Amino acid sequence: MDPASTLFEKVWAEHVVVPETAETPAVLYIDLHLVHEVTSPQAFSVLRDSGLPVRRPDLTLATLDHSTPTTPVRTFQDLLVAGESAARQVRQLEDNCGEFGIQLLGFGSGQRGIVHVIGPELGATQPGKTIVCGDSHTSTHGAFGALAFGIGTTEVGHVMATQCLLQRRPQTLAINVNGVLPGGVTAKDLVLAIIGRIGVDGGTGHVIEYRGPVIAALDMEQRMTVCNMSIEGGARAGMIAPDDTTFQFLAGRERVPRGSDWDAAVARWRSLRSGDDATFDRSVDIDASALTPMVTFGTNPGMVIGIDDPVPSGGDASFRKALDYMQVEAGKPMAGQPVDVVFIGSCTNGRISDIEQAARILDGRRVADGVRVLVVPGSEQVKAAAEARGLDKIVTAAGAEWREAGCSMCLGMNGDIARPGELSVSTSNRNFEGRQGIGARTVLASPATAAASAIAGCVADPRKLV
Amino acid sequence: MNPIRRIASRTVVLAVRDVDTDQIIPARYLTTTTREGLGQALFHDLRYDDNGNEVDAFPLNQARAAECKVLVAGKNFGCGSSREHAPWALLDYGFEAVISTEIADIFRSNALKNGLVPVIVDDATHAWLLDNPGADVVIDLESASLTLPDGSVVGFPIDAFARYCLLEGIDELGYLRKHLGRIEKFEESRVWKP
């Protein structure tokens, strides 16, 4: 391969069915289409109305995550916990998958979960693939060196009908992370710091490649946390070159090749890295050594500071509006802010190592009086793995709730919400106004910081509890 | 989709940057299985107070906003989730174009596929539009230009293919399906298959 090509350019080039011209976008082939209940019903309707089949059901995988209750579901009545329309939406996906011949990892499958947790868990997510889903956090899968991005429902229909998308080639942005991540500082803190640096629109029009020694030293779940939040920096996709860490994570998983096919796959995957002469349209250097646990103070993920840093002052009308909404004061740190709710989960931080990170802090301690804590595993497999290690017992012994897998309070469309005015320390990805419930105030943080805040009853530095 | 050539309207101004898709349509309205009727939920938590009454100060609730087809918003409009419900809600409410200095990638793509025209303008034009809510503007897609009340004309960038599809009312799926022969050949020719 061309030593001047970036990782993104290599994956892009391998999937171009029809090259782009000044007048027309490229036809780009999609290797894996992930589907969930919220952004698919209208696409299925278009296919049905046009008499079209899903062209490659074998490259399509569906699950239920957004509108599902995090209380046990055995009957339709149990689904109604999330509301009648949510229950109907779940049923609609079950019906659509049956009609169009798509595999659905639904209730009782043991493999249901947040779409961005189950893809990697099953080994369906692989280096060099193009992966799309009607969900902006599809960027998560870029941690494996896949080109993965979120699409709208019209495009969901395009992929269902043709296995292709019409796309203009985006630009490339290298984010080089140098130094060493200090003890007690996590991948979540790193990606929050990156977004704080580039801004919530810093990656617009670009695909990010995360590079450098700090990225290479991250395990796969940490890499997923970083790539997951690429969209919060405006970039539809974020990628990391696959390496031995990637191959070790994938080895033996359900959907990866076996035997000599595995060896051939790994050999092919090793070529998926930016060449020594590759150039990026832009690059940003980050020094990880100076980082501390990060928390957001405003209403977008770019409004973020170190846990002991003062909330910045000044800013424009939008900035002041955000501070008003959050009821925080410029000049004071977030540490010490009283907390009402703690949410540990989501496609950003709902994997086994995230639950472990939180459990290490919760172990032998008690959640502060008046604080409601939800721990929601990202998938049924994560839940089972956590229970096998006794993490559920640690969580419940501390006074937190241990729930069924799903998106839950990340976006509050299944009934799990924070009430108006409540302050929620959340391991999810968006602190937008009302994201976790009307009037709810969200502080984004790592699982360790969230757990430490649950114990302290206020936003707290986890390094003091380890 | 109906062809779009020219949009003439007064503007409504939402002078806030980074308006995310959760503000455009909160997630609790996404349990629908159709795309109709979402205009009621547009900017719901900004438009209505806790008791369901209109918030007078919100620009859409002001008398001069009635019948406006053009929304002017702060930079980075439509950031966040990929929900196509966001442009569906704007269109259902009656908007036909959004003007800003920057529009988030996925939202822009979704908007173009539904006939909501994303118009990117320079800082000076944007500042004037933010300062002059209710200005009469004309968006001409043929020439990819925006005409201000004083007659001055500013161009805006728009992907040539997206513009062609909007002007002709072409459904992109139909265009994509014309390539099915090449897609099949591509699948056959790949050494590695997913």
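Residues numbered from 1 in each chain as written. Chains lettered and ligands numbered in written order. Predicted model: local features only at pLDDT ≥ 70, side-chain atom pairs only at ≥ 80, totals over all residues. Heavy atoms only, no water.

The next thing to look at is the overall build of chain A. Counting its secondary structure elements, chain A contains 17 helices and 19 strands. In summary, chain A has a C-alpha radius of gyration of 21 Å against a globular reference of 23 Å for 466 residues, a match within 12%. In chain A, which comprises 466 residues, the proportion classed as buried is 66%. Relative to all contacts within chain A whose residues are 6 or more apart in sequence, the contacts with residues 24 or more apart total 74%. Carbon and sulfur atoms form 49% of the exposed surface of chain A, whose accessible area is close to 14600 Å². Across chain A, the 41 positively charged side chains and the 53 negatively charged ones have centroids separated by 2 Å. (Helix = DSSP H or I, 4+ residues; strand = E, 2+ residues; numbered from the N terminus. Rg over C-alpha atoms; globule rule 2.2 N^0.38 Å. Buried < 20%, exposed > 50% of the residue type's maximum accessible area, 1.4 Å probe, protein only. Contact = heavy atoms within 4.5 Å. Areas by Shrake-Rupley, 256 points an atom, 1.4 Å probe, with all protein chains shown as cover. Lys, Arg positive; Asp, Glu negative; His and termini not counted. Charge placed at Lys NZ, Arg CZ, Asp CG, Glu CD.)

Okay, the overall build of chain B next. Each helix and strand counted, chain B has eight helices and seven strands in total. A burial count over chain B gives 57% of its 194 residues as buried. Across chain B, 20 positive and 29 negative side-chain charges occur, with their mean positions spaced 7 Å apart.

By size, the foremost hydrophobic cluster in this structure holds 84 residues, and its most contacted members are M334 and V342 of chain A together with I24, F43, F77, L90 and F107 of chain B. Here this core spans two domains, and each of domain 1 (7–167) and domain 3 (293–464) of chain A adds at least three residues to it. Filtering out sequence-adjacent residues up to four positions away, F107 of chain B remains in contact with T21, I24, F77, G78, A86, P87, L90 and L116 of chain B. Counting residues in hydrophobic clusters, the runner-up holds 80 residues, among them V132, Y210, A265 and L272 of chain A. (Core = buried A, V, L, I, M, F, W, Y, C linked by side-chain atoms within 4.5 Å. Domains from an automatic or database assignment.)

A separate point is the pairing of strand 10 (residues 206–211) of chain A. Residue and element names in this part refer to chain A. For strand 10, the tally of buried residues reaches five of six residues, placing the bulk of the element in the interior. Note: strand 9 (residues 171–178) against strand 10, six bridges, orientation parallel. Among the inter-strand pairings, I175 is bridged to a residue of strand 10, identified as Y210. Remark: the strand 9/helix 7 (residues 187–198)/strand 10 crossover connection has right-handed handedness. Pairing of strand 10 with strand 11 (residues 237–239), which is carried by three bridges, proceeds in the parallel orientation. Bridging across to strand 11, I208 finds its partner in G238. (Pairing = 2+ DSSP bridges. Right-handed = clockwise from strand over helix to strand, strands pointing away.)

Time to look at the environment of G94 of chain B. Residues and elements named next belong to chain B. Mapped onto the elements of the fold, G94 is located in the loop between helix 3 (85–93) and strand 3 (97–100). Overall, G94 belongs to the partly exposed group, its relative accessible area being 27%. It is 18 Å that separates the C-alpha atoms of G94 and Y48, two residues lying 46 residues apart in sequence.

What follows deals with the pairing of strand 1 (residues 6–14) of chain B. Residue and element names in this part refer to chain B. Alignment of strand 1 against strand 5 (residues 136–140), held across five bridges, turns out to be antiparallel. By the bridge assignment for strand 5, S9 is matched with V137. Strand direction decides the pairing type here: strand 1 and strand 2 (residues 70–73), joined by four bridges, are parallel. From the neighbouring strand, V13 faces strand 2, where its bridge partner is V72.

All names here are of chain A. The terminal C-alpha atoms of helix 7, which comprises twelve residues, lie 17 Å apart, in line with the 16 Å expected from a rise of 1.5 Å per residue. Within helix 7, ten of the twelve residues are buried, which leaves the element mostly enclosed by the surrounding structure. By the N-cap criterion, in which a side-chain oxygen at the helix start approaches the backbone nitrogen of a residue two or three places on, helix 7 is capped by T186, the distance to K188 being 3.2 Å. G199 lies just past helix 7 and shows a positive phi near 90°. (Expected span 1.5 Å × (residues − 1). Polar contact = N/O pair within 3.5 Å; in protein donor to acceptor, adjacent residues only side chain to side chain.)

All names here are of chain A. Strand order across the open sheet formed by five strands is 17-16-15-18-19, with parallel pairing between neighbours. Across the chains shown, the open sheet's two edge strands, defined by having one partner strand only, are strand 17 (401–402) and strand 19 (441–444). Alignment of strand 15 (residues 341–344) against strand 18 (residues 423–426), held across three bridges, turns out to be parallel. If you follow V341 over to strand 18, its bridge partner there is S424.

This brings us to the environment of G80 of chain B. Here G80 of chain B is to be found in the loop between strand 2 and helix 3. With relative accessibility at 9%, the residue G80 of chain B sits in the buried group. If we skip the residues at most four places from it in the chain, G80 of chain B touches S136, I231, R430 and F432 of chain A together with T21 of chain B.

Turning to the sheet that holds strand 8 (residues 164–167) of chain A, a few remarks are in order. All names here are of chain A. Strand order in the open sheet made by the three strands is 1-2-8, with antiparallel pairing throughout. Each of the sheet's edge strands pairs with one partner strand only, and the pair in question is strand 1 (16–18) and strand 8. Averaged over all pairs of adjacent strands, the angle between strand axes in this sheet comes to 40°, irrespective of strand direction. Both strand 2 (residues 26–29) and strand 8 contribute to a ladder of four bridges, which runs antiparallel. Counterpart to V27 in the pairing with strand 8 is L166. (Axes fitted to C-alpha atoms, helices over the stretch in contact; angles between N-to-C directions.)

Residues and elements named next belong to chain A. Close contact between helix 2 (residues 41–50) and helix 4 (residues 84–100) brings their axes to 10 Å; oriented N to C, the two are set at 35°. Classified by chirality, the crossing of helix 4 by helix 2 is left-handed. For the pair formed by helix 2 and helix 4, the contact residues are P41, F44, L47 and R48 on the first element and Q89, Q92, L93, N96, E99 and F100 on the second. Split by residue class, the contact of helix 2 with helix 4 holds five nonpolar, three polar and two charged. (Left-handed = near helix turned anticlockwise from the far one by under 90°. Nonpolar A, V, L, I, M, F, W, Y, C, P; charged D, E, K, R; others polar.)

Interfaces are often sized by the accessible area lost when the parts come together. Residues and elements named next belong to chain A. Partitioning chain A into domains gives domain 1 (7–167), domain 2 (171–241 + 270–289) and domain 3 (293–464). For domain 1 and domain 3, the distance between their C-alpha centroids amounts to 28 Å. Taken residue by residue, the interface counts 29 residues in domain 1 and 22 residues in domain 3. For the domain 1 and domain 3 pair, buried surface summed over both sides reaches about 2000 Å², with 54% attributable to carbon and sulfur atoms. Counting every contact that joins domain 1 to domain 3 gives one salt bridge. A total of five residues in the side of domain 1 that touches domain 3 trace back to one element, the largest contributor, which is helix 5 (residues 115–122). Considering only residue class, the side of domain 1 that touches domain 3 consists of ten nonpolar, 16 polar and three charged. (Buried area = accessible area lost by both parts, 1.4 Å probe. Salt bridge = Lys/Arg side-chain N within 4 Å of Asp/Glu carboxyl O.)

All names here are of chain A. The final tally for this structure, using the stated rule, is eleven aromatic pairs over all chains. Considering the side-chain rings of W262 and W269, the 5.5 Å spacing of their centres and the 85° angle between planes classify their relative orientation as edge-to-face. A single burial state applies to W262 and to W269, both of which are buried. Linked through ring pairs, F247, W262 and W269 together constitute an aromatic cluster. (Phe/Tyr/Trp six-rings, centres within 6.5 Å; stacked < 30°, edge-to-face > 60°.)

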